[in-house]
Amino acid sequence: MPGMKRLATLLAFLCLVALTARPATAQVMLRDAETETLLNEASRGLISAAGLSPNNVRIVLIQDPSINAFVAGGQVVYLHTGLIDKAGNLNEVQGVIAHELGHIVGGHAVFQRDGGYGGISLLSLALGLAAAAAGSPDAGMAIMMAGQRAAIGKYLSFSRSQESSADAAGVRFLNTAGISGRGMLEFFKRLQNLQFSYGFYSTNPEVDPFGQTHPMSGERLATLTQDLQKQPSWNTPTDPALEVRFKRVQAKLRGYVNEPEQTLKLYPPSDQSVYAHYARAYAYHRKGFPDQARSETEALVAAHPADPYFLELEGQIMLESGDPRGALVPLRKATESTNFQPLIASTFGHALVATDDPAHLPEAERVLRQAVARDRENPYAWYQLGMVYERKGDEARVALATAERANLIGDVGVALISSRRAMGGLPQGSPDWIRAQDIMMVSQTAVEDQRNNRRNRMSLTPR
């Protein structure tokens, strides 16, 4: 019994590892028009230098306080909000993006092409279960522990090679794009200091350097310093306008993500800068003080009446404070001045729907259809568009909008049912009918995969 209990504990741990091997889906993705626009502009040259298309690469923000960035397959770079918070300037973020693009170009898909880690882990798990089923739970646990040790050793060696390759590629991309590598170097120095602070780094010769997922920080910094300082772009300054925009984004993210008390300490009322007003507006809004939030936003709009992102915030606060009609003017201005930026247009569409005025439904439909045409991966916009169709009595398109949203958030059951319902009410062969059919086919496959996975898990369960 004690051996079986330990085996069960290990199995639970392995299951937890398997579940946490999907970092992008396990965390909250943040969408913000201003932030995405800035990151896309700041990375466009790097993406082109990497031989990729800026239209195909996405920079995605994950709400997580840790200083981290990663790739997980495909042409997507994930940045944690903690990295934006702690970055000293935009150039540091560009250095991180250049490094992560090196992973993409090198095919270093985390948790997929892992140097054999997954294969060894699954093999050791299967052998361990077989030993346990044969009446030797302690032997089973030993097999799995040995397998995991071998797998981790191979994975760490593979990871070190990936990181070095990504560093070298990042240096090339920065230089080709004419962007200074100072930020990349400063960021890695920042990481080194954190390693010392938290005890993750040791100069003790008895500590095995191969037990670290990255090359030794001292060696890594020495190599990067040599490679970066000799590049012609080393002394190229960052565009001052981009740097101002970064500080704005940094302030608004701090106000939105951090605890309000922390934000107000960093940006006290005595600070009357644009960044401070921006951060406090989000902090007050999050804390549930609409009057204070509105006051901070009014200061921003008074100083910059045509700024679409300040107008967006003004309208958002009005909308979420129960004044959708008042929100229409600033949100309409913000939408039109950004040429119908999808995220801003989605909020405008929401305000139009929230007025409960049938006269606003045609404009809401037009705005939201443009939003999803430019950004189909926007569950919020699909939900609002479904509300428009519901009020118009168009049940087939309500079902299609519901299927689109469910497909995006991974609710394959609802996506399957709703897409079938949409196909039943739409003209066969029409673009909407074909789209519903696509979602139905994808969802049907996903449902069948889930059933097969459940059967496989049941067959592996020890009796």
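See above for the structure.
All figures in this text were calculated on a predicted structure; none of them were measured in a lab. Within every chain, residues take consecutive numbers counted from 1 along the sequence as written. For this predicted model, a pLDDT threshold of at least 70 governs which residues receive local features, and a threshold of 80 or more governs which side-chain atom pairs are given and counted, while totals over whole chains, interfaces and linings are taken from all residues. As a rule here, side-chain values come from all non-hydrogen atoms in the structure, and water together with hydrogens is ignored.

Draft legend 1. A look at the pattern of salt bridges. Here, a salt bridge means any side-chain nitrogen of Lys or Arg that lies within 4 Å of a carboxyl oxygen of Asp or Glu. All told, the structure shown has 25 salt bridges when counted by the stated rule. With a closest N to O distance of 3.6 Å, Arg 286 and Glu 259 form a salt bridge. Placement of the pair is Arg 286 in helix α12 (residues 274-287) and Glu 259 in the loop between α10 (240-257) and α11 (260-266), with a sequence separation of 27 residues. Each member of the salt-bridge network shares a partner with another, and the members are Asp 32, Glu 34, Arg 248, Lys 252 and Asp 307. Secondary structure counts use DSSP, requiring at least four H or I residues in a row for a helix and at least two E residues in a row for a strand, with both numbered from the N terminus.

Draft legend 2. Fine view of the packing of helix α3 (residues 33-49) against α10. Here an angle of 0 to 180 degrees is reported between the N-to-C directions of two axes, which are lines fitted to C-alpha atoms, with helices fitted over the stretch in contact. Running from amino to carboxyl end, α3 crosses α10 at an angle of 140 degrees, the nearest separation of the two axes being 10 Å. Two packed elements cross with a definite hand, and for α3 against α10 that hand is left-handed. Within the contact between the two elements, α3 uses Glu 34, Thr 35, Thr 37, Leu 38 and Glu 41 and α10 uses Leu 242, Arg 245, Phe 246, Arg 248, Val 249, Lys 252 and Leu 253. Note on residue classes: Ala, Val, Leu, Ile, Met, Phe, Trp, Tyr, Cys and Pro are nonpolar, Asp, Glu, Lys and Arg are charged, and everything else, Gly too, is polar. Partitioned by chemical class, the residues of the contact of α3 with α10 number 5 nonpolar, 2 polar and 5 charged. Each helix crossing is assigned a hand: it is left-handed if the near helix lies turned anticlockwise from the far helix by less than a right angle, otherwise right-handed if that turn is clockwise. Here, two residues are considered to be in contact whenever any of their heavy atoms come within 4.5 Å of each other.

Draft legend 3. Structural context of the packing of aromatic side chains. Stacked, tilted and edge-to-face are the three classes assigned to paired rings of Phe, Tyr and Trp, where Trp is represented by its six-membered ring and a pair needs centres within 6.5 Å; plane angles under 30 degrees give stacked, over 60 edge-to-face, the rest tilted. Within the structure shown, the criterion is met by 5 aromatic pairs. Each ring, one from Phe 70 and one from Tyr 78, has its centre 4.9 Å from the other, and the planes form 15 degrees; the classification is stacked. With a relative accessible area of 10%, Phe 70 lands in the buried category. Since its relative accessible area comes to 13%, Tyr 78 is described here as buried. Aromatic rings pair up to connect Tyr 256, Tyr 278, Tyr 282 and Phe 310 into one cluster. Each residue is assigned to one of three classes by its accessible area relative to the maximum for its type, calculated with a 1.4 Å probe on protein chains only: buried under 20%, partly exposed between the two thresholds, exposed over 50%.

Draft legend 4. Just unusual backbone geometry, in detail. Although it is not a glycine, Asn 339 adopts a positive phi angle of roughly 55 degrees. Inspection of the secondary structure assignment puts Asn 339 in the loop between α15 (324-337) and α16 (342-354). The backbone of Phe 340 sits at a positive phi, close to 60 degrees, despite the residue not being glycine. Mapped onto the fold, Phe 340 is located in the loop between α15 and α16. Given a relative accessible area of 15%, Phe 340 falls into the buried group.

Draft legend 5. Representation of the environment of Phe 246 within the structure. Inspection of the secondary structure puts Phe 246 in helix α10. Residues within four places of Phe 246 in sequence aside, it is in contact with Leu 38, Ile 84, Ala 87, Asn 89, Leu 90 and Val 93.

Draft legend 6. The sheet that holds strand β2 (residues 58-63), seen in detail. Should DSSP find at least two bridges between two strands, the strands are regarded as paired. The sheet built from 4 strands is open, its strands ordered β1-β2-β4-β3 with mixed pairing. Where the open sheet ends on each side, the last strands, each with one partner, are β1 (28-30) and β3 (69-70). As paired strands, β2 and strand β4 (residues 76-80) are joined by 5 bridges and run parallel to one another. Within the sheet, the bridge partner assigned to Val 60 lies in β4 and is Tyr 78. Docked against the sheet, helix α5 (residues 90-105) engages β2, β3 and β4, running at close to 140 degrees with respect to β4.

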